[in-house]
Each structure stands twice: as structure tokens, then as C-alpha cells.
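# Topology and contacts: notes
Spelled out, the chains give:
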Amino acid sequence: MQETRISVVINTYNAELHLEQVLEAVKDFDEVVVCDMESTDTTRQIANRHGCRIVTFPKADHKSAEPARTFAIQSACSPWVLVVDADEIVTPQLRDYLYRRISQPDCPQGLYIPRRNKFFGQWIRSRSIDYQLRFFIREGTVWPPYVHTFPQVQGRVEKIPVSESGVVLEHLEDETMHQYIAKANTYTDNEMLKRMDKGYGVGALLFRPAWRFFKKYVLDGAMFEGRRGLIRSLLTAEYHFMVVAKIMEKEIREGK
């Protein structure tokens, strides 16, 4: 008989803002593991109050949770792992779906979960679904130590159909422009390292941002969200421009 125990794994660093709400939503899973990167706020106290098992990964100079992901996953005790960020809510429908799915003989080894996101205080309406590979078998799964990467799962993966009502992760993060710009600088540094071998030419400085704007604004339907959609699309284009520009800066400084 197939194992049907699920551990929730949450990576944290100074994550007190939403953590109470996040932990309340996952209390009915078999285990909750909080992998903390030496928080200096009340994160660990909140996790303790909720009966979570806490493991520690050294913060060092890491700018994101990705370097700690594999350690956190392998710290879980259940055969199945659901990775949840410290600002994401697991809906009851998602919890029920996961337990139901792993009890079925045709269950894949990984599932992409749709995620709802906010921008300027409102939920984003998009034709493009933000799928996140967050549910998988623990054994053999490795998470690359770069931002915006998916875990490498040993086996078949599938996407949860969007027709499954309410089966989503709800992303509570709602950044101000100041927060977004500060985080984008850190994230593009990481993206630069990940993409150094792509061989981008000068054309990429124009083509990649233009394509990303068109995709977000037209194909994904951001144009129907008024000013919010326009701003979000321009920020996406700027992000990709920064990545290419930083790669070229590094190459020029190194005489390549």
C-alpha cells in the first residue's frame, strides 16, 4: 500500500509577518518542518508555539532560501513533501486534493500547484497560470541553489488542473514598489550567475525585455488590469533587461 504521509516544509528568515496565518493553514498535515536561517525576529517562537519541528540552516551571505531548500526537504520524515513559502496559504481544497491524489495508484512523483498572486493590493487576473513545483516525493529530490528554479524530482510530474476549484496556493506577498525594486536587484544578481553561459548578444538587451513585456501585457492579459497591468508588465521587462545587462557588465569587466 502506498504511503500517504505528507510533511510540510517551510523555509524562513525573519518571516514573522504572515507566519501565524501560514502555520494555521497547514496544521492538519502529518508534520510541519520549519527550516530557519537564523532569524532575528519572532519566527522561531511562532514556529515553536505551533508545534513545528525546527531545523537550522546557516544564513551566511545567502540572499534567498534556495541554498537551504534541499537540506530542508531532506529534513522531513514523510515520504511526500509540500514546500510552502512563509507567505503562502494552503487552502483546505489543496490539502484534501493532495491526500486524495497520493492514495491513487496512478499518482505522479511530483505535482505543479497553481498559485494566486497579488499586486498593488489586488489578486492578479492572468491567462497564464503561475505553476509552482512544490509537491513531490522526498527521496532523491534536489533543489538547485539558484533563485527562481524548480526542484529536480525523480519521476513523473504533472500539473494540477485549473478546473479543480480552490486547489491553489494563495501568495500573500504584496510588495510596494520600493520593496520590489530592492528585491529585483538581489534576484537579478542571482539570475546573472545562473544564466552566464547563455551567450546573450547585444540583441538580447532589446529582444528579451520587449518579448517579456509583450507576453505579460498582451498574451497574459495584463492589459485588462489598467495601470496595474501596465506597471507589472514594464517591471517584468526591466527585470530581464537588468539580467542581460549584468551579464554583459561582468563579461566586459573580465575582458571577454
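Now for a look at the structure at hand. (Residues numbered from 1 in each chain as written. Predicted model: local features only at pLDDT ≥ 70, side-chain atom pairs only at ≥ 80, totals over all residues. Heavy atoms only, no water.)

Empty space within the second largest pocket amounts to approximately 200 Å³. Around the second largest pocket sit His 62, Lys 63, Ser 64, Pro 67, Pro 145, Tyr 146, Thr 186, Asp 189, Asn 190 and Leu 193, which together line it. Top contributing element to the lining of the second largest pocket by residue count: helix α5 (residues 177-194), with four residues. (1 Å grid on protein atoms, 1.4 Å probe; cavity = no way out; pocket = protein on both sides within 12 Å on 5 of 7 lines; lining within 4 Å. Points joined across faces, edges and corners; volume = space filled by probe spheres on them. Helix = DSSP H or I, 4+ residues; strand = E, 2+ residues; numbered from the N terminus.)

What follows is about the environment of Phe 207. Position of Phe 207 relative to the elements: it lies in helix α6 (residues 203-219). Separated by 30 residues in sequence, Phe 207 and Ala 237 place their C-alpha atoms 9.8 Å apart.

Quick look at helix α7 (residues 226-253) now. With 28 residues, α7 should reach 40 Å at 1.5 Å per residue; the first-to-last C-alpha distance of 41 Å fits that figure. Directly beyond the C-terminal end of α7, a positive phi value near 75° is found at Gly 255. (Expected span 1.5 Å × (residues − 1).)

In this section: the pattern of salt bridges. A complete count under the given rule lists 27 salt bridges for this structure. Here Lys 183 and Glu 175 are joined by a salt bridge, their closest N and O atoms 2.8 Å apart. The exposure class of Lys 183 is partly exposed, given its relative accessible area of 27%. Two residues, Glu 254 and Lys 250, come together in a salt bridge whose shortest N-O distance is 2.9 Å. Taken together, the salt bridges that share partners define one network made up of Glu 66, Arg 69, Asp 85, Glu 88, Arg 115, Asp 130 and Arg 134. (Salt bridge = Lys/Arg side-chain N within 4 Å of Asp/Glu carboxyl O. Buried < 20%, exposed > 50% of the residue type's maximum accessible area, 1.4 Å probe, protein only.)

The next point concerns the packing of aromatic side chains. Tallied over the entire structure, the rule returns seven aromatic pairs. Note on Tyr 112 and Phe 150: the rings are 5.5 Å apart at their centroids and 80° apart in plane angle, and the pair reads as edge-to-face. In this pair, Tyr 112 is assigned in strand β6 (residues 110-116) and Phe 150 in the loop between β9 (130-137) and β10 (157-159), connecting sequence segments 38 residues apart. Since its relative accessible area comes to 18%, Tyr 112 is described here as buried. Relative accessible area serves as the criterion here: at 35%, Phe 150 is assigned to the partly exposed category. Relative to Phe 120, the ring of Phe 119 has its centre 4.3 Å away and its plane inclined at 10°; by these criteria the two rings are stacked. A residue is classified by how much of its surface remains accessible, and Phe 120, at 34% relative accessible area, is partly exposed. One residue, Lys 59, lies across the ring of Tyr 13, its end atom 5.0 Å from the ring centre. (Phe/Tyr/Trp six-rings, centres within 6.5 Å; stacked < 30°, edge-to-face > 60°. Lys NZ or Arg CZ within 6 Å of the ring centre and 35° of its normal.)

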